[in-house]
Amino acid sequence: MTTHPASTDLTTAGDATPLGLIAAELTLVERRIQELASSHEPKLTQIANELILSGGKRVRPALSLLVFRAAGGIDPTDTIDVGAALELIHTATLLHDDILDSGSTRRGKPSPLARHGIGMTLVTGDFLFTRAFGVAGRFEELVVGWATDACVALCEGEVMQRRFKRNPAATLDHYLRIAGNKTASLFSQAARIGAHFAGASTEVVEGMFRLGYELGLGFQMVDDLLDVLGPEELIGKPVGSDLREGAPALPTVLGLQLPAVRAAFTTETPSVAAVGSALDALRSSPVIGHVRRLAAERIRSASGQLALLGPSRFRSALADLAEDLLARTA
Ligand code: FPP
Ligand code: MG
């Protein structure tokens, strides 16, 4: 990801980091994203680029590419295309998600919604989603079906999350279904497609699907934890956003027995003080350790699937990537 201006520490070039091994491929993903995000209408290109160039980690394309290489793939052309498509789908969902959540901050900056309003944010999401399927739709039916499954799951995850908004009946099982749909869906299909393009056996392809799924769940759990712990500069949005929005995030669901958490979560517009008290209650409770343990279990389970692959630098990089995603909360 050497060309990406706002790269994070996960994406530094050079063989010393997990993504350094695929830096050249990630540069090509970046180029493809730029081509696809370009429109005859300058406003569309501008809004798309404001988000695309705002510091995304490119985890989904990186996962596809690392799995592809670790499974013995030689020519990454198709995986680069799919990686670009998955990143554009992800970007489209963020644009639409900000509309649904009235999100005013995204990656540390005013969101496209805050800058350009609902209409332009909606149509820019549609544009990127359509461009993504213009690429992904060229592959065989199986791959198109996997990409479609991910997008259906994304929609279902978003709607289920809204169903449990400010709802104290939310349980860990509900949470796992929501996170499985809204986050693990794209991760799992990214890894599965990478293995498929490498010509891996069905056993390996499905093992990589599980790897991506577990990694996605762990990633979302860590994200939810960071929303409680901050700092704001790392998470790119105000600390406590999930509680303020009434989102059934993992720390909230596990902390519902704490009166301050239940009160902030179930109140339509909680005050700053109410959110602050809920965050304090969570931070000084065993919930933080519980969330960390659950995330670590998922990351360990993801890494367990690596035994299906022969040893290689790419397999080690996948293990390192998994650990890096977890270490964000250390
Ligand atoms: C972010 O969750 C939201 C998602 C990852 C999924 C959003 C899905 C949709 C809007 C459905 C539309 C789908 C397509 C295919 C265009 P969050 O609100 O918990 O995270 P945040 O804190 O980053 O906003
Ligand atoms: Mg949101």
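This text goes with the structure placed above it.
Procedures and definitions
Starting from 1, residues in each chain are numbered consecutively following that chain's sequence as written. The naming scheme follows written order: chains are lettered A onward, ligands numbered 1 onward. At least 70 in pLDDT is required for a residue's local features to be given in this predicted model, at least 80 for side-chain atom pairs to be given and counted, and no such filter applies to totals for whole chains, interfaces and linings, which use all residues. Values shown for side chains rest on all heavy atoms present in the structure; no hydrogens or waters enter the calculation. Any N, O or S atom lying within 2.8 Å of the metal counts as a donor, with the limit raised to 3.2 Å for Na, K and Ca; because water is left out of the atom set, some sites can appear incomplete. By the criteria applied, helices consist of DSSP H or I runs no shorter than four residues and strands consist of E runs no shorter than two, each listed in order from the N terminus. Only a single heavy atom is needed: when it lies within 4 Å of a molecule or strand, its residue is near that molecule or strand. In protein, a polar contact requires one atom able to donate a hydrogen and another able to accept it; more generally it is a pair of N or O atoms within 3.5 Å, and residues adjacent in sequence count only if both atoms are side-chain atoms. Computed with the Shrake-Rupley method and a 1.4 Å probe, the accessible areas treat only the protein chains shown as cover for residues. For this classification, the nonpolar set comprises Ala, Val, Leu, Ile, Met, Phe, Trp, Tyr, Cys and Pro, the charged set comprises Asp, Glu, Lys and Arg, and every other residue, Gly included, is treated as polar. Relative accessible area decides the class of each residue, using a 1.4 Å probe on protein chains only: under 20% of the type maximum gives buried, over 50% gives exposed, and in between gives partly exposed. It only takes one pair of heavy atoms within 4.5 Å for two residues to be counted as in contact. For helices, the axis comes from a line fit to the C-alpha atoms of the stretch in contact; other axes are also lines fit to C-alpha atoms, and the angle between any two N-to-C directions lies between 0 and 180 degrees. By the definition adopted for this analysis, an angle is roughly parallel if under 35 degrees, roughly antiparallel if over 145, roughly perpendicular if from 65 to 115, and oblique otherwise. With the far helix as reference, a near helix turned anticlockwise by less than a right angle produces a left-handed crossing, and one turned clockwise produces a right-handed crossing. Residue types Ala, Val, Leu, Ile, Met, Phe, Trp, Tyr and Cys, when buried and joined through side-chain atoms within 4.5 Å, form a set referred to as a nonpolar core.

1. A word on the coordination of the magnesium ion (ligand 2)
Those protein atoms acting as donors to the magnesium ion (ligand 2) are Asp97 (OD) and Asp101 (OD), and they sit at 1.9 to 2.1 Å. You can see Asp97 and its partner Asp101 sitting in helix α4 (residues 77-101), 4 residues apart, about one turn around the helix.

2. Considerations on the site of ligand 1
Ligand 1 sits among 13 residues. The nearest are Asp97, Asp101, Arg106, Lys182 and Lys237. A distance of 2.4 Å is found between an oxygen atom of ligand 1 and a side-chain nitrogen or oxygen belonging to Lys182. Burial of ligand 1 by the protein amounts to 88% of the accessible area it has alone, namely 640 Å². Looking at the shell around ligand 1, the elements that each hand over two or more residues are α4 and α6 (141-163). By residue number, the principal contributor to the shell around ligand 1 is α4, which donates 5 residues. Looking at the shell around ligand 1 residue by residue, the classes come out as 4 nonpolar, 3 polar and 6 charged.

3. A short note on helix α2 (residues 42-52)
Regarding α2, the residues found buried are Leu44, Thr45, Ile47, Ala48, Asn49, Leu51 and Ile52. Elements in contact with the buried residues of α2: α1 (23-36), α4, β1 (105-106) and α5 (112-136).

4. A word on the packing of α1 against helix α3 (residues 59-70)
Contact pair α1 / α3: the axes reach a minimum separation of 10 Å and the direction vectors enclose 135 degrees. Classified by the angle their axes make, α1 and α3 are oblique. The two elements α1 and α3 cross, and the hand of that crossing is right-handed. Of the residues in α3, those in contact with Glu25, Leu26 and Val29 of α1 are Pro61, Ala62, Leu65 and Arg69. Tallied by class, the residues present in the contact of α1 with α3 amount to 5 nonpolar, no polar and 2 charged.

5. Considering the nonpolar core
Counting residues in each nonpolar core, the largest one holds 97 residues, and the members touching the most others are Leu128 and Leu215. In terms of residue count, the dominant contributor to this core is helix α8 (residues 202-229) (12 residues). Aside from chain neighbours lying at most four places away, what touches Leu215 is Leu63, Phe187, Ile299, Ala302, Ala322 and Leu325. Within the second largest apolar cluster, 5 residues are counted, among which are Phe164, Ala170, Ile178 and Val253.

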